[in-house]
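# Understanding the architecture of this molecule
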Amino acid sequence: NAGVTQTPKFQVLKTGQSMTLQCAQDMNHEYMSWYRQDPGMGLRLIHYSVGAGITDQGEVPNGYNVSRSTTEDFPLRLLSAAPSQTSVYFCASSYSHSGALYEQYFGPGTRLTVT
Amino acid sequence: GDSVTQMEGPVTLSEEAFLTINCTYTATGYPSLFWYVQYPGEGLQLLLKATKADDKGSNKGFEATYRKETTSFHLEKGSVQVSDSAVYFCALKGFNDYKLSFGAGTTVTVRA
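Below or above, wherever it landed, is the structure these notes cover. Note that residues are indexed from 1 along each chain, following the sequence as it is written. Whichever chain is written first becomes A and whichever ligand is written first becomes 1, with later ones labelled in order. Only residues with pLDDT of at least 70 get local features here, since the model is predicted, and only at 80 or more are side-chain atom pairs given and counted; chain-wide, interface and lining totals rely on the full set of residues. Side-chain calculation: all heavy atoms of the structure are included, whereas hydrogens and water are not.

### Some words on the pattern of salt bridges
Definition used for salt bridges: Asp or Glu carboxyl oxygen within 4 Å of a side-chain nitrogen of Lys or Arg. Taken as a whole and assessed by the stated rule, the structure comprises 5 salt bridges over all chains. For D38 of chain A, the salt bridge is made with R36 of chain A, and the minimal N-O distance between the two is 2.8 Å. The residue K77 of chain B makes a salt bridge to D84 of chain B at a minimum N-O spacing of 2.8 Å. Only protein chains enter the calculation, and the probe is 1.4 Å; a residue is then buried if its accessible area is under 20% of its type maximum, exposed if over 50%, and partly exposed in between. Here K77 of chain B falls in the buried class, since its relative accessible area comes to 11%. Under the relative-accessibility criterion, D84 of chain B is labelled buried at 6%. Through salt bridges with shared partners, a single network forms among R36, D38 and R44 of chain A.

### Describing the sheet that holds strand β7 (residues 56–59) of chain B
Residue and element names in this part refer to chain B. Reading across from one edge, β3-β9-β8-β7 is the order of the 4 strands in this open sheet, with antiparallel pairing throughout. Edge positions in the open sheet fall to β3 (19–21) and β7, since each of these has one partner strand only. Each neighbouring strand pair of the sheet contributes to a mean axis angle of 15 degrees, computed without reference to strand direction. For two strands to be treated as a pair, DSSP must find at least two bridges joining them. Only DSSP runs of H or I reaching four residues or more are called helices, and only runs of E reaching two or more are called strands; each is numbered from the N terminus. Bridging between β3 and strand β9 (residues 75–77) involves 3 bridges; their strand directions are antiparallel. Looking across to β9, one finds that I21 is bridged to L75. Axis geometry follows a simple rule: fit a line to the C-alpha atoms, using only the stretch in contact for helices, then measure angles between N-to-C directions, giving values from 0 to 180 degrees.

What follows is the structure, encoded as structure tokens:
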């Protein structure tokens, strides 16, 4: 199993550009989520999904869109990049059952810089 | 809402020293508590967890006990190694919730 994979590893964007961060998992996990990691702030939840076709907002959703058309993939779209979106982005997935969330597996991260 | 407060770093220790990282939480009901570790250049890995009061999670020589009376989940290790150098995150999952709330992270550096 590859686990949770993310592409690209690094990206530089200019203000106003759009892009999609890719996330895939091969563990058949229902639950997937996106976090951003900023110094001194831990990880903050952007969006999450509890299954294909179901997504919901996390703590900091503004400026980001997600969709979940398959169990495996959960892309994160930046609509119009801003310098405030410079961060490290982590995707995570987990098996869930009857409302219980099991261990979350994290991808290696995407380091995004917006100039 | 649910939140986690953990000890600010950075923390620098010598090999074989005792490590404690404090973590306290605010939550309604009965949350589950976690410690995650992030080694340089990598994603987060689950280190240990506890799902109810008085549970003790342990892994790789690390321990943490879920204390409901003090709303705490402090991480301890009796003798650290250079390979324990990492960022440690305390996290909480509310009862019947899918989301994890993370603390700010504590950077630990162990010197030989």
